Amino acid sequence: QVQLEESGGGVVQAGGSLTLSCAASGSILSLNAMGWYRQTPGKEREFVAHVLSGGVTNYAGSVKGRFTISRGNAKNAVNLQMNNLKPEDTAVYYCNVVQGGGSGAGSYWGQGTQVTVSS
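For clarity, every value in this text was computed on a predicted model and none was experimentally measured.

Draft legend 1. Spatial organisation of the side chain of glutamine 99. Relative to the assigned elements, glutamine 99 resides in strand E9 (residues 91-99). Among the residues examined, glutamine 99 registers a relative accessible area of 2% and is labelled buried. One polar contact links the side chain of glutamine 99 to the main-chain amide nitrogen of serine 30, over a distance of 3.3 Å. When residues no more than four places from it in sequence are discounted, the contact partners of glutamine 99 are Val2, Ser27, Ile28, Leu29, Ser30, Leu31, Gly104, Ala105, Gly106 and Tyr108.

Draft legend 2. Here's a closer look at the packing of aromatic side chains. Scanning the entire structure with this criterion turns up two aromatic pairs. When the ring of tyrosine 37 is compared with that of phenylalanine 47, the centres are 5.6 Å apart and the planes differ by 75 degrees; the resulting orientation is edge-to-face. Of this pair, tyrosine 37 sits in strand E4 (residues 31-39) while phenylalanine 47 sits in strand E5 (residues 46-52), placing them ten residues apart in sequence. Measuring from ring centre to ring centre gives 5.0 Å for tyrosine 37 and tryptophan 109, while their planes differ by 70 degrees; the resulting arrangement is edge-to-face.

Draft legend 3. Summary view of the pairing of strand E10 (residues 106-109). Here four bridges tie E9 to E10, and the two strands are oriented antiparallel to one another. By the bridge assignment, valine 98 is partnered in E10 with serine 107. Count of turn residues in the E9/E10 antiparallel hairpin: six residues, of which glycine 102 carries a positive phi of about 80 degrees.

Draft legend 4. Layout of the nonpolar core. Within the largest apolar cluster, 28 residues are counted, with the highest numbers of intra-cluster contacts made by Trp36, Leu80, Met82 and Tyr93. Elements with a minimum of two residues in this core: strand E1 (2-7), strand E3 (18-26), E4, E5, strand E7 (67-71), strand E8 (77-82), E9 and strand E11 (113-118). Not counting residues up to four positions away in its chain, the partners in contact with tyrosine 93 are Glu6, Leu20, Trp36, Tyr37, Arg38, Val48, Phe67, Leu80, Met82, Gly112, Thr113 and Val115.

Draft legend 5. How the structure looks around the pattern of salt bridges. For the structure shown, the criterion picks out three salt bridges. Across the salt bridge formed by arginine 38 and aspartate 89, the nearest N and O atoms sit 3.0 Å from each other. Note that arginine 38 is positioned in strand E4 and aspartate 89 in the loop between E8 and E9, a separation of 51 residues in sequence. Residue arginine 66 pairs with aspartate 89 through a salt bridge whose shortest N-O separation is 2.7 Å. Of this pair, arginine 66 sits in the loop between strand E6 (57-59) and E7 while aspartate 89 sits in the loop between E8 and E9, and the two are 23 residues apart along the sequence. Under the relative-accessibility criterion, arginine 66 is labelled buried at 9%.

Criteria and cut-off values
Residues numbered from 1 in each chain as written. Predicted model: local features only at pLDDT ≥ 70, side-chain atom pairs only at ≥ 80, totals over all residues. Heavy atoms only, no water. Helix = DSSP H or I, 4+ residues; strand = E, 2+ residues; numbered from the N terminus. Buried < 20%, exposed > 50% of the residue type's maximum accessible area, 1.4 Å probe, protein only. Polar contact = N/O pair within 3.5 Å; in protein donor to acceptor, adjacent residues only side chain to side chain. Contact = heavy atoms within 4.5 Å. Phe/Tyr/Trp six-rings, centres within 6.5 Å; stacked < 30°, edge-to-face > 60°. Pairing = 2+ DSSP bridges. Core = buried A, V, L, I, M, F, W, Y, C linked by side-chain atoms within 4.5 Å. Salt bridge = Lys/Arg side-chain N within 4 Å of Asp/Glu carboxyl O.

Rendered as structure tokens:
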């Protein structure tokens, strides 16, 4: 099993910045992807960004150019730098990792961290 610990959420004014961090621990063999999703009440969870094991990054169109995802300094960690935040970025943000092999293969989720952007 893989455990995820998220940090960095909070309240910020529109135009401000926040950085989310996620650290994975447990039975880790190979993480094929590390990323972030977000969800608002009444809506489905949506993809924000991820970084693949080879370093390739992908972003949702709504955050491209404002958010930057990167692997953390610690092994099995990922950061999401969010700049020029907008009220519509308000959501619970969830860290997600995908483990590719072994008995622990699968997709794992963090508990979520609230990001609130005030106008």
